[in-house]
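Here are the chains, one letter per residue:
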Amino acid sequence: MSKVNYIDFHKTKVADYDAIVVGCGFTGATVAEQLANRGNKRVLIIEKRSHIGGNMYDETNKDGVLIHNYGPHIFHTSIPRVAGYIVNFSKMRPYEHRVKANWYGTYFPVPFNKTSMEIAFGKERANELIHKLIQKFGDEVKVTINELREQNDKDLSKLADFVYENVFLHYTMKQWGVTPEEVDPTVTARVPVFISRDDRYFQDTTQFMPIDGYTPLFENMLSSDNIDVALNIEAESVFGLHFEGPAQEDKLEYITVQYKKFDGPIIFTGPLDELFLWRFGRLPYRSLDFKFETKDEEYVLPCGTVNYTVNEDYTRITEFKHLTGQKCKNTTIMKEYSRDYEDVKNQIPYYAIINKKNNKLHAQYMNLVGGTHNFYAIGRLAEYKYYNMDQIIDRALSLSDELLEN
């Protein structure tokens, strides 16, 4: 096992470091690893939680089952650089994630595909729909609900309505805490029907899982002697923010740490509104609660994740052994509940609620850092966007290139 150099922040001299990274998920860990190993830079990582790995953190529970503490994370990418990068830190096992919807006790694949149609409508009726879909759109393609509704065909319109009602609507209401009227039409427009028997949730060219888990992968990423990690430290508690003037809109000019101006790169991956103490108001997020249950059975689900699209108050259940490939006589499942992000001390922000109003608010916070030469806001939280793991690693590698070139 690789050794991470954990330090006591209050006993270290920040002036000895070339860069500070806030947050130890894939964004922060990737930039830190690149600066340390490619650039021979001394890097200090500040992490508010008690562990590395961010939401990818996993561990073996008291029942001996390897679990993902913050929801399932499956590594998939079609970006060659990312695939080539991540295998430097862990051996991988091939894994193609499959998701089924629990439709009143009956399972069918998600995204909704040819097999799903046969289960929902019967083979004869499904064959008629499949024939029409192939004639209109071709085979092995994804078609959105809106595209189906735009066709002058009652059958395709009914198919779109079925998928909307039984796969998308109720699940989305639970996930985002909205009424049907509040469901963003642009989101609805992207809900697909897959004219295929490919029942994989992702179609990326590379799909795998770290054999030993994500936490050992992060330990390998952070094993450089040039990297120190300080846990249980919030950036807003140690950063001194100095602005160009007293007005609310005045930009950040520089940051002090331990009462001294820090001129090296500061890579910030947390929520910007929290760093600036919500001076323009809070950015809304959705948070998650998890309920773990261990069963004295080898498996209880037919696949890694089952979505509850028409019933139950939780959104989905994940069974980790499908993901990890672990062999043991018992199994642990996790029920996932979506909540409003209200308590910054006891909840975690998972999903930005992206709309014009919230994007405008985030832009106000981004404008504050426009006066600095060394502050980089990157990642899901800092950028108030949704990124898959591979996308954020790609962005972190690009930022590292930029910093090292400069």
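Description of the structure in this document. None of these values were measured; they are calculated from a predicted model.

Reading the values: the criteria
Residues numbered from 1 in each chain as written. Predicted model: local features only at pLDDT ≥ 70, side-chain atom pairs only at ≥ 80, totals over all residues. Heavy atoms only, no water. Helix = DSSP H or I, 4+ residues; strand = E, 2+ residues; numbered from the N terminus. Rg over C-alpha atoms; globule rule 2.2 N^0.38 Å. Buried < 20%, exposed > 50% of the residue type's maximum accessible area, 1.4 Å probe, protein only. Contact = heavy atoms within 4.5 Å. Areas by Shrake-Rupley, 256 points an atom, 1.4 Å probe, with all protein chains shown as cover. Lys, Arg positive; Asp, Glu negative; His and termini not counted. Charge placed at Lys NZ, Arg CZ, Asp CG, Glu CD. Salt bridge = Lys/Arg side-chain N within 4 Å of Asp/Glu carboxyl O. Polar contact = N/O pair within 3.5 Å; in protein donor to acceptor, adjacent residues only side chain to side chain. Pairing = 2+ DSSP bridges. Axes fitted to C-alpha atoms, helices over the stretch in contact; angles between N-to-C directions. Left-handed = near helix turned anticlockwise from the far one by under 90°. Nonpolar A, V, L, I, M, F, W, Y, C, P; charged D, E, K, R; others polar. Phe/Tyr/Trp six-rings, centres within 6.5 Å; stacked < 30°, edge-to-face > 60°. Lys NZ or Arg CZ within 6 Å of the ring centre and 35° of its normal.

1. Quick notes on the overall build of the chain
The helix and strand tally for the chain stands at 14 helices and 23 strands. Taking 22 Å as the expected radius of gyration for a compact globule of 406 residues, we find that the chain reaches 23 Å, a close match to that expectation. Taken along its principal axes, the extent of the C-alpha atoms in the chain is 75 × 50 × 40 Å. For the chain, buried positions account for 54% of its 406 residues. Across the chain, contacts joining residues at least 24 apart in sequence account for 74% of those joining residues at least 6 apart. Surface exposure of the chain reaches about 18800 Å², of which carbon and sulfur atoms provide 47%. In the chain, the 48 positive side-chain charges and the 57 negative ones have mean positions that sit 1 Å from each other.

2. Considering the pattern of salt bridges
Counted under the stated rule, the structure contains 25 salt bridges. Across the salt bridge formed by R38 and D401, the nearest N and O atoms sit 2.8 Å from each other. Note that R38 is positioned in the loop between α1 (26-37) and β2 (43-47) and D401 in helix α14 (residues 389-405), a separation of 363 residues in sequence. Judged by its relative accessible area of 46%, R38 is partly exposed. For D401, a relative accessible area of 18% gives the class buried. A salt bridge links R316 to E336; its shortest N-O distance comes to 2.9 Å.

3. Comments concerning helix α8 (residues 214-221)
Among the eight residues in α8, six count as buried, and that is most of the element. Restricting attention to buried positions, one finds in α8 the residues Y214, T215, L217, F218, E219 and M221.

4. Looking at the environment of N69
The topology assignment puts N69 in the loop between β4 (66-68) and β5 (75-77). With 271 residues separating them along the chain, N69 and D340 place their C-alpha atoms 19 Å apart. Sequence-distant contacts of N69, defined by excluding residues within four places in its chain, comprise Y57, D58, E59, F290 and F292. Polar side-chain contacts of N69 include one of 2.8 Å to the side chain of E59.

5. Describing unusual backbone geometry
Between V110 and the following residue, P111, the backbone shows a cis peptide bond with an omega angle of 0°. Mapped onto the elements of the fold, P111 is located in the loop between β8 (106-110) and β9 (112-113). The phi angle at N40 is positive, at roughly 55°, despite the residue not being glycine. Checked against the element boundaries, N40 lands in the loop between α1 and β2. Taking the relative accessible area as the measure of exposure, N40 reaches 59% and is therefore exposed. Not every positive phi belongs to a glycine, and W278 is a case in point at roughly 55°.

6. Observations concerning the sheet that holds strand β1 (residues 19-22)
Ordered by their spatial adjacency, five strands build an open sheet running β13-β2-β1-β17-β23, and the pairing between neighbours is parallel. Whereas interior strands pair on both sides, the edge strands pair on one side only; in this sheet they are β13 (227-231) and β23 (375-377). Each neighbouring strand pair of the sheet contributes to a mean axis angle of 15°, computed without reference to strand direction. Where β2 lies against β13, five bridges are found, and the strand directions are parallel. Residue pairing for β13: E47 is matched across the bridge by L231. Against the sheet, α1 makes contact with β1, β2, β13 and β17 (266-268), and its axis sits at roughly 165° relative to β2, the strand it touches most.

7. With respect to the packing of α1 against α14
Contact geometry of α1 with α14 gives a least axis separation of 8 Å together with a crossing angle of 35°. Between α1 and α14 the crossing geometry is right-handed. Between α1 and α14, the residues in contact are F26, T27, T30, V31, Q34 and L35 and M389, I392, I393, A396, L397, L399, S400, L403 and L404, respectively. Its residues assigned to classes, the contact of α1 with α14 comprises eleven nonpolar, four polar and no charged.

8. Points about the pairing of strand β7 (residues 99-103)
The buried fraction of β7 is high, at four of five residues. Remark: two residues form the turn of the hairpin made by β7 and β8, two consecutive strands paired antiparallel; Y104 in that turn has positive phi of roughly 50°. Judged from the three bridges that link them, β7 and strand β19 (residues 305-307) form a sheet pairing that is parallel. Looking across to β19, one finds that K100 is bridged to V306.

9. Brief notes about the packing of aromatic side chains
Within this structure, the stated rule accounts for 27 aromatic pairs. Geometrically, the ring pair formed by F112 and F162 is tilted, given 5.8 Å between the ring centres and 55° between the ring planes. Residue F112 is found in strand β9, and its partner F162 is found in helix α6 (residues 154-176); the two are separated by 50 residues along the sequence. By relative accessible area, F112 is classed as buried at 1%. Looking at F162, the relative accessible area reads 14%, which means it is buried. Here the basic side chain of K261 rests over the ring of Y254, its NZ or CZ set 5.1 Å away from the ring centre.

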